[in-house]
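In case you want the letters, here they are:
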Amino acid sequence: MGEVVFKNIKKVYPGNVLAVKDFNLEIEDKEFIVLVGPSGCGKSTVLRMVAGLEDITNGDLVIDGKKVNKVASKDRDIAMVFQNYALYPHMTVYENMAMGLKLRKIPKEEIDLKIRFVAKLIKIEELLDRKPKALSGGQQQRVALGRAIVRNPNVFLMDEPLSNLDSKLRVQMRTEIIKLHKELATTFIYVTHDQTEAMTMGTKIVVMKDGLIQQVASPMEIYDNPINTFVAGFIGTPQMNFIDVKISIDDENAYMKFGNEKLKLKISKLLLNMKEQQNEMILGIRPEYIHIEPIKNCQELVGIVDIVEHMGAETHIHIQISDEKLIARVPYEVNKNVGDKIKIFIDETKLYLFDKTDHKLIGKLY
């Protein structure tokens with residue numbers, strides 16, 4: 001079993017540096033959990049505490065029902081894949097993979113069977129006699145994975161393992177790791193700052209900021225119902241557009257104002273529940289819901305093209321409207337130039353409202 005439970009975990013470094021604050025999380029057996037957030041948010045520290053490489057200041061870490069705060073790393077039945085792969089340069093691939101098994105006094109014949117089975121599984125059979133310096137980055141990554149797999153742990157820990165690879169290899173290795181998770185049926189805890197990795201790999205995502213969990217949910221729940229502006233802005237490429245708006249409500253109508261723009265809104269349940277007649281808040285709209293052709297249930301705005309980014313399969317257009325800038329994600333064949341006047345149509349059904357004070361999600365407008 002690979003159940004991992006964090007109970008009020010706190011990590012303070014010398015100098016009273018608070019890295020992780022009141023971290024509570026239950027990871028079920030066989031889940032693929034991704035910890036994601038910007039540099040310095042505490043995600044790698046959490047992983048290292050699970051690995052036994054960092055002491056826990058307060059709280060309890062429980063693996064398979066056993067408190068492991070004081071249990072040595074080698075006795076936790078976990079395996080970790082590091083960002084720099086941490087291969088022994090003077091050893092062959094075979095010897096690197098065998099090292100952990102030898103330390104556990106596993107018979108030589110059994111070690112050989114395990115290594116050759118795993119080498120075939122991750123397609124590195126022809127590399128077993130090479131040393132790390134003779135391997136490419138992608139090959140070293142596979143070896144690091146293989147070294148972890150042969151130990152057959154209950155929990156795999158991965159700390160930004162793909163960050164040193166080029167973009168093509170990252171995509172390839174993402175697919176391979178997803179396949180491995182399904183084949184091995186083991187708990188994976190994966191750390192990354194790359195929200196694309198988080199969205200494509202995890203069965204559940206843990207978004208962190210400043211040592212605190214912001215939201216825990218499935219990838220689509222995180223994307224569709226972000227709990228606050230940080231999560232909404234961190235997950236999604238390009239990030240969600242945010243506009244400071246004022247919503248006013250009278251007996252029959254509602255209006256949204258920003259800059260010189262004033263949009264008439266249909267009365268919705270969310271608007272009816274607003275207690276104040278003048279509401280300052282933050283409007284959120286994802287770039288893919290800003291269109292350049294009219295659609296059903298849309299608001300029309302006119303702006304000036306500020307930047308055009310051709311991304312291949314799509315184009316990102318930065319648009320200046322009053323004092324605000326919006327990014328629209330449109331088909332690649334859309335041909336606009338900097339300085340062009342442009343009409344855009346915002347999908348009303350995809351508008352989010354966030355509290356201006358605490359930045360928490362109030363709800364979807366409709």
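Look above for the structure.
Residues numbered from 1 in each chain as written. Predicted model: local features only at pLDDT ≥ 70, side-chain atom pairs only at ≥ 80, totals over all residues. Heavy atoms only, no water.

Details of the pattern of salt bridges
Following the criterion strictly, the structure yields 14 salt bridges and no others. Between Arg-329 and Glu-288 there is a salt bridge; the shortest N-O distance is 4.0 Å. Taken together, the positions of Arg-329 in strand β18 (residues 324-331) and Glu-288 in the loop between β14 (278-285) and β15 (290-291) put the pair 41 residues apart, joining distant regions of the chain. Members of the salt-bridge network, linked through shared partners, are Lys-11, Arg-48 and Glu-54. (Salt bridge = Lys/Arg side-chain N within 4 Å of Asp/Glu carboxyl O. Helix = DSSP H or I, 4+ residues; strand = E, 2+ residues; numbered from the N terminus.)

Some words on helix α4 (residues 137-149)
Over its 13 residues, α4 extends 18 Å from the first C-alpha to the last, a length consistent with the 18 Å expected when each residue adds 1.5 Å. Burial of α4 is extensive: 11 of the 13 residues sit out of reach of the surface. For α4, the complete set of buried residues consists of Gly-138, Gln-140, Gln-141, Arg-142, Val-143, Ala-144, Leu-145, Gly-146, Arg-147, Ala-148 and Ile-149. Looking at the packing, one finds that the buried side of α4 touches β6 (78-81), α2 (93-103), α3 (108-121), β7 (155-159) and α5 (167-184). (Expected span 1.5 Å × (residues − 1). Buried < 20%, exposed > 50% of the residue type's maximum accessible area, 1.4 Å probe, protein only. Contact = heavy atoms within 4.5 Å.)

A closer look at the packing of aromatic side chains
In the structure shown here, the tally under the stated rule is 7 aromatic pairs. When the centroid spacing of 5.0 Å and the interplanar angle of 75 degrees are considered together, the rings of Phe-6 and Phe-23 count as edge-to-face. Of the two residues, Phe-6 sits in strand β1 (residues 4-13) while Phe-23 sits in strand β2 (residues 17-27), which places them 17 residues apart along the sequence. Judged by relative accessible area, Phe-6 falls into the buried class, the value being 5%. Relative accessible area serves as the criterion here: at 0%, Phe-23 is assigned to the buried category. Ring centres 5.9 Å apart and planes at 75 degrees place the aromatic pair Phe-242 and Phe-354 in the edge-to-face group. On the criterion of sequence distance, the pair formed by Phe-242 in strand β11 (residues 241-249) and Phe-354 in strand β20 (residues 352-355) is long-range, its members being 112 residues apart. For Phe-354, a relative accessible area of 0% gives the class buried. If you follow Lys-262 out to its NZ or CZ, it ends over the ring of Tyr-255, 4.6 Å from the centre. (Phe/Tyr/Trp six-rings, centres within 6.5 Å; stacked < 30°, edge-to-face > 60°. Lys NZ or Arg CZ within 6 Å of the ring centre and 35° of its normal.)

Quick word on α2
Three or more residues of α2 are buried, namely Val-93, Asn-96, Met-97, Ala-98 and Leu-101. Summarising the contacts, the buried residues of α2 are in contact with α3 and α4. Positive phi appears at Lys-105, one or two residues downstream of α2, with a value of about 65 degrees.

Overview of the sheet that holds strand β17 (residues 314-321)
Taken together, 5 strands build an open sheet; the order of strands is β15-β19-β16-β17-β18 and the sheet is antiparallel. Sheet topology places β15 and β18 at the edges, where each strand pairs with a single neighbour. With 8 bridges connecting them, β17 and β18 associate as antiparallel partners. Bridging from a neighbouring strand, Thr-315 pairs with Val-330 of β18. (Pairing = 2+ DSSP bridges.)

Examining the sheet that holds β7
Through backbone hydrogen bonds, the strands of a sheet pair up, either in parallel or in antiparallel fashion. One open sheet holds the 6 strands; their spatial order is β6-β7-β8-β3-β9-β10, and the pairing between them is mixed. Looking along the sheet, the strands with just one partner apiece sit at the ends: β6 and β10 (212-217). Strand-to-strand twist in this sheet, taken as the mean axis angle between neighbours without regard to direction, amounts to 15 degrees. Sheet analysis places strand β3 (residues 32-36) next to strand β8 (residues 187-192), joined by 5 bridges and oriented parallel. (Axes fitted to C-alpha atoms, helices over the stretch in contact; angles between N-to-C directions.)

A few points about the environment of Met-256
The residue Met-256 is located in strand β12 (residues 254-258) in this model. You can call Met-256 buried: its relative accessible area is 1%. When sequence neighbours within four positions are dropped, the list of residues in contact with Met-256 reads Val-245, Lys-246, Ile-247, Glu-261, Lys-262, Leu-263, Leu-265, Leu-283 and Leu-365.

As for the packing of α2 against α4
Axis separation between α2 and α4 bottoms out at 8 Å; the angle between their running directions is 30 degrees. The angle between α2 and α4 places the two elements in the roughly parallel class. The way α2 lies across α4 gives a crossing that is right-handed. Of α4, the residues touching α2 (which contributes Val-93, Asn-96 and Met-97) are Val-143, Gly-146 and Arg-147. Residues that form the contact of α2 with α4 fall into these classes: 3 nonpolar, 2 polar and 1 charged. (Parallel < 35°, antiparallel > 145°, perpendicular 65-115°, else oblique. Left-handed = near helix turned anticlockwise from the far one by under 90°. Nonpolar A, V, L, I, M, F, W, Y, C, P; charged D, E, K, R; others polar.)

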